[in-house]
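# Structural overview
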There are 4 protein chains.
Amino acid sequence: MHDWILTLTCPNRHGIVAAISSRIAEGNGDIKEAAQFDDDQTGQFFMRVVFRHPADMGLLRQSLAQEAQRFSMQWALRPSGQVRKVLILVSREAHCLGDLLYRARIGELAMNCVGVVSNHPRSSLAVMLDEHIPFHHLPVTAATKNSQEDQIREIVAASGAELVVLARYMQILSNELARDLQGRCINIHHSFLPGFKGAKPYHQAYERGVKMIGATSHYVTADLDEGPIIAQDVEYTSHADTPEDMVRKGRDIERRVLARAVTWHLQDRVLLNGHKTVIFHK
Amino acid sequence: MHDWILTLTCPNRHGIVAAISSRIAEGNGDIKEAAQFDDDQTGQFFMRVVFRHPADMGLLRQSLAQEAQRFSMQWALRPSGQVRKVLILVSREAHCLGDLLYRARIGELAMNCVGVVSNHPRSSLAVMLDEHIPFHHLPVTAATKNSQEDQIREIVAASGAELVVLARYMQILSNELARDLQGRCINIHHSFLPGFKGAKPYHQAYERGVKMIGATSHYVTADLDEGPIIAQDVEYTSHADTPEDMVRKGRDIERRVLARAVTWHLQDRVLLNGHKTVIFHK
Amino acid sequence: MHDWILTLTCPNRHGIVAAISSRIAEGNGDIKEAAQFDDDQTGQFFMRVVFRHPADMGLLRQSLAQEAQRFSMQWALRPSGQVRKVLILVSREAHCLGDLLYRARIGELAMNCVGVVSNHPRSSLAVMLDEHIPFHHLPVTAATKNSQEDQIREIVAASGAELVVLARYMQILSNELARDLQGRCINIHHSFLPGFKGAKPYHQAYERGVKMIGATSHYVTADLDEGPIIAQDVEYTSHADTPEDMVRKGRDIERRVLARAVTWHLQDRVLLNGHKTVIFHK
Amino acid sequence: MHDWILTLTCPNRHGIVAAISSRIAEGNGDIKEAAQFDDDQTGQFFMRVVFRHPADMGLLRQSLAQEAQRFSMQWALRPSGQVRKVLILVSREAHCLGDLLYRARIGELAMNCVGVVSNHPRSSLAVMLDEHIPFHHLPVTAATKNSQEDQIREIVAASGAELVVLARYMQILSNELARDLQGRCINIHHSFLPGFKGAKPYHQAYERGVKMIGATSHYVTADLDEGPIIAQDVEYTSHADTPEDMVRKGRDIERRVLARAVTWHLQDRVLLNGHKTVIFHK
């Protein structure tokens, strides 16, 4: 018997929780986790419910669809723990890639990596890939950007990737590709946004003399470094840290923050709320 | 129109969420926050619901009482933001006391301090008290402990204190008093429990050479330093920190951790689960 | 017998440490703490030495002056633990002020508060002041800004204040006053700079949907929110936190970060390095 | 031209810093980093100096030896950045091993892994090893413990390992082996010591209901879980975390803390001070 995850968003009205929980209870379903959020600013309601359900899921799906119509919900219902297909894009640094693959390998992350794309050759990555993971070397220049992105689109389509992770992919996606992947493309930016947007954030941090550095994981949007933020974290730094020291410290923050964001996304814990996110952590 | 906070604990069965949310929805109540927890180890279910309710609370209370009986619930229903009466016990150090009073004064903490008890005279406290707060000097020795605790009991009763906070009160309560105050007496211990129980934990930490020190806020039980933990936090320390440096750093941790615990308790965010706690943070 | 703190800055050359430590050793001085930093980017050298000295300080001062000339040092020599005069400016919020005063009262901070200035009346501050601390109500409008700042200058001069602390003083100092107080005026900004400069940073943070909020303490310069950073810290926030929740969480971060910065400044642990700082923590 | 790292410990007397820095200055050496610590409790003095030296190191070594004799120093002088030979022991979990190897591979850690020992077969490790790293499967039972440890001793000797890292090696070393490896064997314990010593600390943490879990890296001594602590860190946990969730969160803490300890050891930043450590971080 599976657990199921229901996520939904709709305009806030009274009775939503009662309606949903009653429908689940009708089929003798047992709610294991539930979290909700009312955004008073926008009047939107967000909910995530994990439940165990012994009876016919088709019937439940029908009755949930009726509620969805009644309350104008956007909703999704998925088996808990379902392994999803993920495509990972990198450049030369492999710390985030290696970390995600390790977490998948030991069963911590419900991710099936269906491919790795890099604009650099395989040999430049200091990580070992399982043999069954296809590696795509897609070099890119200003002149070839369009066709390179077409190749990425084809790999996404052919592999059935449900999520694309930019795991230190040091290229800016075109507006078109960013839009195509909206809500299913996660980036890790190596600064505590909104500070230090754009290139070389650790060097910017060094020049400014900040006392903490950080990393930010967000959904990719056409607006560079402005996408909905999923996770952030920081560490202390000091006057004695060179930009290279910050890069080194930053690797640890980046992989930690990106792993958190990908985990939450794959567990349906992240709901989009305009240019912000609602995150139902455990 | 008030918001109300409902908290409940009962053996886990399916249909609890549906029952509660339906009862609230019947009276056109609108759920603002909801959190729940199933303890798979004990089979207990815990829930906290904040809702706005336009209709007769008497009727709602009746219908909730029916559900409570049906599901064998322990439950409480209280207006959100209700200011509660708190008695604070201290010895000579006033950092936690001063912090709690400041938070109450600016409206951050829904607490009415109905008295301060110390085993040391008023003059030993480096904090200014509002004039309306009674100060009770209750010196204590081994010989007078029983009668001193009787005085504390009387002050609790006379003041109507709903919560007693040991804000660095360096005396151990008798088993009897600990039992009398069960579930409504919060202590701050100046170590990261279960490390460094008992006296002089910063000196113990110094001797052991740990690299972090901490503080723990817990409900007082007859079993010293073993009560249900509400909040903990830590900071880094180094070889260069003397016990006195740790005491100084510790003051900041202690007041932060105790304020968190008292805030959560007063907001009905803490539910007892045997010798552990369930905490529904925002 | 006092401990002394020597701080110095000069162009880096070999032999500095040997010269300084030999001079101290000549008089049978015993070095208790020493820290140094070579800035490879600028070629500047920074040092802080704490030592115990049994002999004539006049002689030592002379011999140090010779080394200072030889190495083109800027230097200062001060008794350790010396209590310094500090003027504190606030608006309506008193959490930072109350915190600094408490730390001074219990001897944690070697600060003698020689006055509190506010652009709001005394009654708007939810903190009790010791009777010996003068309170100056200096209201300010665009029209009266110049004369109000003249009054501040006079209070600084008359009180002998060696440090001015903007403890949530919600006014922007004029360029002239910022320059007059250069290197001896510390501000607390309620964001993790360089993110969210200017007004209402918590509201900016809410709008952006960040997952952490912070505070930054820095020396005041004519360039708003661009002064050399002394200390920063952050806490997690969530989608459920309103701007008001952030303001509340922020108070704890602000007072902690400002206390750190003022403590380090008063212990001569902060050396200016252009628009950055060198901080020799314990 | 190399940088050199000098570390030394001796009874505290005045003139040590002057003597050492003068010797380095004589040969036109330039001190890049220096840190020291006086332990007032024991009267011991600790120092670490990094310097650039253009002249004959043999001469410098001679003159340092004279000072060492004069001040009864224990001392070591080593080229900075020197890659050292490290043997890593694991059981079935590979997160710490994989992390250390990745850091070495990208040049972050000056470590040459000369072998991996496990009491489980190669196939049970979810990590890929570079081909040049020998893997030793040394199963162990109560009956074979002595001979298995003899094999470990032989591998240490044959490989020339200067450091042995217990990277989640779930066996307790015998007192004899612990003593043989004193000061050059680092363990990671999966709790915030001294809380939760011994087996299954995450399960102990779950039972106690703590609100933070941690990890501790320490030198191995005959006294289990009592060795000198090098690094510690923690993360928040909640009532909703099962022991399995804690194990998962713990992996991140463990690899971070162990990497820090190994890094500091290899950079000669850790000096033993009885059953405690002095750590000169950057």
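Quick note: structure is the one above.
### Observations regarding the relation of the copies chain B and chain D
Mapping chain B onto chain D calls for a screw motion: a turn of 180° about the axis and a shift of 0.0 Å along it, with 0.0 Å RMSD after fitting. Considering both components of the superposition, the chain copies are consistent with a two-fold axis. Across chain B, the smallest distance between a C-alpha and the rotation axis is recorded for B:Gly195, namely 2.2 Å. Looking at the interface residues of chain B, 100% of them are also at the interface in chain D, so both copies use one shared face.

### Re unusual backbone geometry
In this structure, the amide linkage connecting C:Leu193 to the following residue, C:Pro194, adopts the cis form with an omega of 10°. Within the secondary structure, C:Pro194 is located in the loop between strand S9 (185-189) and helix H6 (201-208). The residue B:Asp268 is not glycine, and still its phi comes out positive at about 55°. On the secondary structure map, B:Asp268 appears in the loop between helix H7 (243-266) and strand S12 (270-273). If you check the backbone angles, C:Lys200 has positive phi at about 50° while not being a glycine. Relative to the elements of secondary structure, C:Lys200 occurs in the loop between S9 and H6. Note on C:Lys200: relative accessible area 55%, which makes it exposed.

### Thoughts on the interface of chain B and chain D
Each partner contributes to the interface: chain B provides 34 residues, whereas chain D provides 34 residues. For the pair chain B and chain D, the two sides together bury roughly 3,000 Å², of which 55% comes from carbon and sulfur. The largest share of the area that chain B buries against chain D comes from B:Arg208, B:Lys211 and B:His239, three residues that together contribute 25% of it. On inspection of chain B and its partner chain D, the count reaches two salt bridges. With a closest N to O distance of 3.5 Å, D:Arg208 and B:Glu226 form a salt bridge. Sorting the residues of the side of chain B that touches chain D by element identifies strand S2 (30-39), helix H6 (201-208), strand S11 (229-236) and strand S13 (276-279) of chain B as the ones contributing at least two each. Taken together, the residues of the side of chain B that touches chain D break down into 17 nonpolar, eight polar and nine charged.

### Section: the pairing of strand S3 (residues 44-52) of chain C
Most of S3(C) is tucked away, with seven of its nine residues classed as buried. The turn joining strand S2 (residues 30-39) of chain C and S3(C), which pair antiparallel and follow one another in sequence, is formed by four residues; a positive phi near 75° is taken by C:Gly43.

### Concerning the interface of chain C and chain A
Each partner contributes to the interface: chain C provides 34 residues, whereas chain A provides 34 residues. Between chain C and chain A, a total of about 3,000 Å² is buried, with carbon and sulfur atoms accounting for 55% of that surface. Interface area lost by chain C to chain A is led by C:Arg208, C:Lys211 and C:His239, which between them contribute 25%. Remark: the boundary between chain C and chain A carries two salt bridges.

### What about the sheet that holds strand S7 (residues 135-137) of chain A?
Residue and element names in this part refer to chain A. A sheet is described by the order of its strands in space; here seven strands give the open sequence S7-S6-S5-S8-S9-S10-S11, paired in mixed fashion. For this open sheet the edge positions go to S7 and strand S11 (229-236), each flanked by a neighbour on one side alone. This sheet shows a mean twist of 20° between the axes of neighbouring strands, independent of strand direction. In the sheet, strand S8 (residues 163-166) pairs with strand S9 (residues 185-189) via three bridges, with the strands oriented parallel. Paired with Leu166 across the bridge in S9 is Asn187.

### What to know about the relation of the copies chain C and chain A
Of the two same-sequence chains, chain C is brought onto chain A (RMSD 0.0 Å, axial shift 0.0 Å) by a rotation of 180°. Of all interface residues in chain C, 100% are interface residues in chain A too; the two copies therefore contact each other through one and the same surface.

### Structural notes on the packing of helix H1 (residues 16-26) of chain A against helix H2 (residues 57-71) of chain A
All names here are of chain A. Interaxial distance between H1 and H2 falls to 10 Å at its minimum, and their mutual angle equals 170°. If you check the angle between H1 and H2, you find them roughly antiparallel. The segment H1 lies against H2, with Ile16, Ala19, Ile20, Arg23 and Ile24 engaging Leu60, Ser63, Leu64, Gln66, Glu67, Arg70 and Phe71. The class makeup of the residues in the contact of H1 with H2 is seven nonpolar, two polar and three charged.

### Focus on the nonpolar core
Residues and elements named next belong to chain D. Core analysis: the biggest nonpolar cluster contains 45 residues, and Ile88, Leu97, Leu100, Met111, Val165 and Leu258 have the highest contact counts within it. Per-element accounting of this core gives the leading share, nine residues, to helix H7 (residues 243-266). Not counting chain neighbours up to four residues away, the residues in contact with Leu258 comprise Cys96, Leu100, Val165, Ala167, Ile186, Ile188 and Ser217.

### So, the sheet that holds strand S8 (residues 163-166) of chain D
Working definition: the strands of a sheet are paired by backbone hydrogen bonds and lie parallel or antiparallel to each other. Residues and elements named next belong to chain D. Sheet architecture is open: seven strands sit in the order S7-S6-S5-S8-S9-S10-S11, paired in mixed fashion. Each end of this open sheet is capped by a strand with a single partner; those strands are strand S7 (135-137) and strand S11 (229-236). When strand polarity is set aside, the average angle formed by the axes of neighbouring strands in this sheet is 20°. Together, strand S5 (84-90), strand S6 (111-118), S7 and S8 form the strand contacts of helix H4 (residues 145-159), whose direction differs from that of S5 by roughly 160°.

### Points about helix H3 (residues 95-105) of chain C
With nine of eleven residues buried, H3(C) is to be regarded as a mostly interior element. Directly after H3(C), the chain includes C:Gly107, whose backbone phi takes a positive value near 85°.

### Description of the packing of H6(C) against helix H7 (residues 243-266) of chain C
All names here are of chain C. Taken N-terminus to C-terminus, the directions of H6 and H7 make an angle of 125°; their axes are 9 Å apart at the nearest point. The orientation of H6 with respect to H7, classified from their angle, is oblique. In this structure, H6 crosses over H7, and the sense of that crossing is right-handed. Side by side, H6 and H7 meet where Tyr202, His203, Ala205 and Tyr206 of the first sit next to Pro243, Glu244, Met246, Val247, Gly250 and Glu254 of the second. A class-by-class count of the residues in the contact of H6 with H7 yields six nonpolar, two polar and two charged.

Reading the values: rules and limits
- Residues numbered from 1 in each chain as written.
- Chains lettered and ligands numbered in written order.
- Predicted model: local features only at pLDDT ≥ 70, side-chain atom pairs only at ≥ 80, totals over all residues.
- Heavy atoms only, no water.
- Least-squares fit on C-alpha atoms with pLDDT ≥ 70 in both.
- Contact = heavy atoms within 4.5 Å.
- Helix = DSSP H or I, 4+ residues; strand = E, 2+ residues; numbered from the N terminus.
- Buried < 20%, exposed > 50% of the residue type's maximum accessible area, 1.4 Å probe, protein only.
- Buried area = accessible area lost by both parts, 1.4 Å probe.
- Salt bridge = Lys/Arg side-chain N within 4 Å of Asp/Glu carboxyl O.
- Nonpolar A, V, L, I, M, F, W, Y, C, P; charged D, E, K, R; others polar.
- Pairing = 2+ DSSP bridges.
- Axes fitted to C-alpha atoms, helices over the stretch in contact; angles between N-to-C directions.
- Parallel < 35°, antiparallel > 145°, perpendicular 65-115°, else oblique.
- Core = buried A, V, L, I, M, F, W, Y, C linked by side-chain atoms within 4.5 Å.
- Left-handed = near helix turned anticlockwise from the far one by under 90°.

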